[in-house]
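# Summary of the model geometry
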Amino acid sequence: MTMEVYENSFAQKETNLLAFQAYDLLYFIHSYHPIKKRESTLNFISSSSMEWLQKFLHFLFIASLLICSSAISDQIPKPYVVYMGNSSPNNIEVEGQIPDSIHLQLLSSIIPRKESERIALIHHFNHAFSGFSAMLTENEASALSGHDGVVSVFLDPILHLHTTRSWDFLESDLGTKPPTIPIFTPQHSSTDIIVGVIDTGIWPESPSFKDEGIGEIPSRWKGVCMEGHDFKKSNCNRKLIGARYYNIQDMSGGNQTQIEATKGSPRDSVGHGTHTASIAAGVHVKNASYYGLAQGTARGGSPSTRIAAYKTCSEEGCSGATILKAIDDAVKDGVNIISISIGLNSLFQSDFLNDPIAIGAFHAQQMGVLVVCSAGNDGPDPFTVVNTAPWIFTVAASNIDRNFQSTIVLGNGKTFQGIGIHFSNLTRSKMYHLVFGEHVAAKFAPASEARNCYPGSLDYNKIAGNIVVCVNDDPTISRRIKKLVLQDARALGMILIDENNKDVSFDAGVFPFAEVGNLEGHQILEYINTTKNPTATILPTTEVPRYKPSPAVASFSSRGPSSLTENILKPDVMAPGIGILAAMIPKSNEPGSVPIGKKPSLFGIKSGTSMACPHVTGAAAFIKSVHDKWSPSMIKSALMTTATNYNNLKKALTNSSNYNANPHEMGVGEINPLRALNPGLVFDTKVEDYLSFLCYYGYSKKNIRSMSKTNFNCPRNSSEDLISNINYPSISISKLKRQQNAKVITRTVTNVGHLNTTYTAKVHAPQGLVVNVIPNKLVFSEGIQKMTYKVSFNAKDAHGGYNFGSLTWLDGQHYVHTVFAVNVE
């Protein structure tokens, strides 16, 4: 799919749309005006008014100008990524690395001499993989794509942070210890495991990054602590051992391609990177809270792990080329795990060789580095999951056993438990006039906009000093925007009716806010419509402990199946991503964000798959600290096959609509790091499996060899159906016809538990789908570490659509759980 997200401005999108319309019109003229159709064309014209024809020809003139303009714009230099796999041009290397002069020489061969100032590299990739980014025209990019040694050339895409933007400044408390986070013992007070966090930078003064009691920096660490105008080398320590920043490309599509280096710094000005880093590996901080909410001991998933921060993003987004450079640096620096809470928009996904995260993660995996990524926040629609390459560990988001409640009290005495975070001083003793946005619309404003509290749709004189009820019929206007509209109008508070987002608490600061679902909302609107002088109040937020059910899939968490291939089950796992308390930059510049008399908080509550991702990163670091020799795929397998598939009601996991969750929503289930320390069996997915995947997906042998720097040969019969056979810890079959013979899937497991043990297969399959395991017993005697088995699926009597089930291997001590998804036609 083409990368349309690079050109991010609304005006450019409108221009592109008009250009497409112009092409359509020219095609229309061509189809009506060949010579042999001249007579019918004259009849067509004579039947139309001359006025219409004049307007039509005028539009054609404008359209032709737009087409010319579009053609010219194609030759305006833009930032491109040139990916060259694992091979070097002309086989020239210097100490295993490709000098930038080789890439500059390649550029000079396609850029005109008169534009020699463009023979410059924005980023140079030369460790984990080869390539560069530079300013190129479309013609130059096309010319480079045919060059020997070049795997792919693509516009540098803009990727987005995976904190849900509608729910800015949300928080949750790790101190309440969700059951998914392991309790760490004193012997793990310091390890040599290093996590690289690619994000918006870091706030080094946070207490979550103190290094008291932590040992010396590992000798294998090759990274740096870059200084900036507001960041010193002394800001790094034995906990925060590295910090890099990059010249971030201009996000607006303008001519300026870089921010001046003197203005750069690893310091986080957004808060996202600080939050994710502390979730993964923050140290214990007692008495942490968000202005009294979620109070307890905050800590990361692996408090003993070292952190290296790579600042690649601003609030506007992240350059794909910059992320590629950060992955390249992180591998060279010596990190064990890379955490990336970033991704492409689910509507504009690229294939695996045009996706910077997929490319970088492939080479990191090759070099023994696990890459953990967020699944995206475009749920609950299907086919929205991103970061779906099989070598990426893809994480969905869930809630934890705590919620934040804001009580609504109506003038008739009825109360409703809303969701939301705010620090107002309203009480039960005083009521305020209650109005519905649709009833206080501004002059000429559509009622549909007023009920949604659109900017400019409300009569400010009618809402000042009142509590306003808004609905969320239109998801383009976020809760944050609605709140700002009412604040600007001097409203006293907001009640939001929204069924979809009620599982995620919005942080309104000091502004009274509560969100309810449709059922409660109907009763509130009925009260307004049947009462002469409706009144209400919104009480300050209180914490709801032991919230049930949890975990449950977050409403915003992106769903599978993957739009790129349904033969790999994505997302992989689920982890806490709603209301997570973690380190935050002490912001005080937003009016109404800090309660009166309080200092800016050092902790914040945020939600998103951005928060779920570092939970898995921290869990993986914990496992790596105990099993140092395990490969990235073994760690991934351990966390997948031991995942929890029931909630704190001891029932099946559910989604935000209270229906049973399926693997396209939650993957294999909620991570359980302590159980993952001793998984019994693991699926050790090799690099050869991933290369076979690329063959089955349809990539050329030449490109695959360039990527792998091997003489790898694709299997003779390569087809996308064979992707289901790569040695993955879950099974997905995109198409199984009822009339065809049983489809057989092969898997190989490695015994990492006791010797001389026997595992027995237990299958849980939906009615009509016949699943057989051959053999149904695996006997690991001394000297046997690996065993292969086959699973056959027969859909003759199965229901149409996706059928979900599981295969579990049991030896009396271990529970090796494999989930399958089979699409029956």
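Residues numbered from 1 in each chain as written. Predicted model: local features only at pLDDT ≥ 70, side-chain atom pairs only at ≥ 80, totals over all residues. Heavy atoms only, no water.

A separate point is the overall build of the chain. In terms of regular secondary structure, the chain is built from 18 helices and 36 strands. Across the 825 residues that make up the chain, the buried fraction comes to 58%. If you take every contact in the chain between residues at least 6 apart in sequence, the share linking residues at least 24 apart comes to 76%. (Helix = DSSP H or I, 4+ residues; strand = E, 2+ residues; numbered from the N terminus. Buried < 20%, exposed > 50% of the residue type's maximum accessible area, 1.4 Å probe, protein only. Contact = heavy atoms within 4.5 Å.)

Those residues of helix α4 (residues 100-108) that fall on the buried side of the exposure criterion are Ile102, His103, Leu106 and Leu107. Taken down its axis, α4 places every buried residue within 140 degrees of arc, on the same side. Contacts from the buried residues of α4 go to β2 (123-126), β3 (130-136) and α5 (138-145). (Arc of directions from axis to C-beta.)

Attention now goes to the UniProt feature "active site" (unreviewed entry) in the chain. Sites flagged by UniProt as "active site" (unreviewed entry) map to Asp199, His272 and Ser610. With the annotated positions falling across 412 residues, the maximum pairwise C-alpha distance of 10.0 Å places them together in a single cluster. Looking at where Asp199 falls in the secondary structure, it is placed in strand β6 (residues 194-199). Asp199 gets classed as buried once you look at its relative accessible area, which sits at 1%. Aside from chain neighbours lying at most four places away, what touches Asp199 is Leu161, His272, Gly273, Thr276, Tyr310, Lys311, Thr312, Cys313, Ser341 and Ile342. From its side chain, Asp199 meets the backbone nitrogen of Gly273 in a polar contact 3.2 Å long. (UniProt positions renumbered as here; feature names shortened; annotations may be inferred. Polar contact = N/O pair within 3.5 Å; in protein donor to acceptor, adjacent residues only side chain to side chain.)

This part takes up helix α6 (residues 272-281). For α6, a buried count of 10 out of 10 residues is recorded, marking the element as mostly surrounded by other parts of the structure. Restricting attention to buried positions, one finds in α6 the residues His272, Gly273, Thr274, His275, Thr276, Ala277, Ser278, Ile279, Ala280 and Ala281. Buried positions along α6 lie against β5 (158-161), β6, β10 (306-311), β26 (580-583), β27 (603-606) and α13 (609-626).

Glancing now at the pattern of salt bridges. When charged atoms on two side chains of opposite charge get close, those side chains can pair. Here the structure, examined in full by the defined rule, presents 17 salt bridges. Between Asp329 and Lys332 there is a salt bridge whose closest N-O contact spans 3.8 Å. Of this pair, Asp329 and Lys332 both sit in helix α7 (residues 320-333), 3 residues apart, which is roughly one turn of that helix. In this structure Asp329 comes out as buried when scored by relative accessible area, which is 2%. For Glu499, the salt bridge goes to Lys502, with nearest N and O atoms at 3.0 Å. On the basis of relative accessibility, which here comes to 34%, the residue Glu499 falls in the partly exposed class. (Salt bridge = Lys/Arg side-chain N within 4 Å of Asp/Glu carboxyl O.)

Counting residues in each nonpolar core, the largest one holds 107 residues, and the members touching the most others are Ile338, Trp391 and Leu639. Grouped together as the second largest cluster of nonpolar side chains are 25 residues, Val771, Leu778, Phe820 and Val822 included. (Core = buried A, V, L, I, M, F, W, Y, C linked by side-chain atoms within 4.5 Å.)

What follows is about the state of the cysteines. Counted under the stated rule, the structure contains 4 disulfides. Two residues share a disulfide in this structure: Cys695 and Cys714, whose sulfurs sit 2.0 Å from each other. A torsion of -80 degrees about the S-S bond marks the disulfide between Cys695 and Cys714 as left-handed. Taken together, the positions of Cys695 in helix α17 (residues 687-697) and Cys714 in the loop between α18 (701-708) and β29 (731-736) put the pair 19 residues apart, joining distant regions of the chain. Exposure remark for Cys695: the relative accessible area of 5% places this residue in the buried category. Taken in N- to C-terminal order, the disulfide-linked cysteines of the chain are connected 1-2, 3-4, 5-6, 7-8. Cys373 takes part in no disulfide bond, and the closest cysteine sulfur to it belongs to Cys613, at a distance of 6.1 Å. (Disulfide = S-S within 2.5 Å.)

This next bit is on the packing of aromatic side chains. Across all of its chains, the model carries 17 aromatic pairs by this definition. Judged by centre distance (5.4 Å) and plane angle (70 degrees), the ring pair of Phe352 and Phe693 falls under edge-to-face. Note that Phe352 is positioned in the loop between β14 (342-343) and α8 (356-366) and Phe693 in helix α17, a separation of 341 residues in sequence. Take Phe352 and Phe693: they sit in the same class, and that class is buried. Here the aromatic residues Phe352, Phe362, Trp391, Tyr690, Phe693, Tyr697 and Tyr699 are joined through ring pairs into a cluster of three or more. The side chain of Arg267 reaches across the aromatic face of Trp203, ending 4.6 Å from its centre. (Phe/Tyr/Trp six-rings, centres within 6.5 Å; stacked < 30°, edge-to-face > 60°. Lys NZ or Arg CZ within 6 Å of the ring centre and 35° of its normal.)

Most of β29 sits out of view: 5 of its 6 residues are buried. With 4 bridges connecting them, β29 and strand β36 (residues 815-824) associate as parallel partners. In the strand pairing of β36, Ile733 is matched with Val822. (Pairing = 2+ DSSP bridges.)

Cis geometry marks the peptide bond from Lys548 to Pro549, where omega comes out at -5 degrees. Position of Pro549 among the secondary structure elements: in the loop between β24 (542-545) and β25 (573-576). In this structure, the amide linkage connecting Lys570 to the following residue, Pro571, adopts the cis form with an omega of 0 degrees. Along the chain, Pro571 turns up in the loop between β24 and β25. Positioned with a positive phi, Tyr291 is a non-glycine residue whose angle comes to about 50 degrees. On the secondary structure map, Tyr291 appears in the loop between β8 (285-290) and β9 (293-298). We classify Tyr291 as buried; its relative accessible area is 18%. Backbone geometry places Lys709, a non-glycine residue, at a positive phi of 55 degrees.

A few words now on the sheet that holds strand β28 (residues 681-682). The 4 strands lie next to each other as β28-β30-β34-β32, forming an open sheet whose pairing is antiparallel. With one partner strand each, in any of the chains shown, β28 and β32 (770-774) form the two edges of the open sheet. As judged from the 5 bridges shared by β32 and strand β34 (residues 786-794), these two strands associate in the antiparallel manner. When the sheet's bridge partners are listed, Val770 is paired in β34 with Asn794.

Right, let's talk about the side chain of Ser708 for a bit. Structurally, the position occupied by Ser708 is in helix α18. One polar contact links Ser708 to Thr710, side chain to side chain, over a distance of 2.7 Å.

Let us look at the packing of α8 against α17. Where α8 contacts α17, the axes come no closer than 10 Å and their chain directions differ by 150 degrees. Between α8 and α17, the angle falls in the class roughly antiparallel. Crossing of α8 against α17: the hand is left-handed. Packed against α8, whose contacting residues are Phe362, Gln365 and Gln366, the element α17 presents Val687, Tyr690, Leu691 and Leu694 at the interface. A per-class count over the contact of α8 with α17 returns 5 nonpolar, 2 polar and no charged. (Axes fitted to C-alpha atoms, helices over the stretch in contact; angles between N-to-C directions. Parallel < 35°, antiparallel > 145°, perpendicular 65-115°, else oblique. Left-handed = near helix turned anticlockwise from the far one by under 90°. Nonpolar A, V, L, I, M, F, W, Y, C, P; charged D, E, K, R; others polar.)

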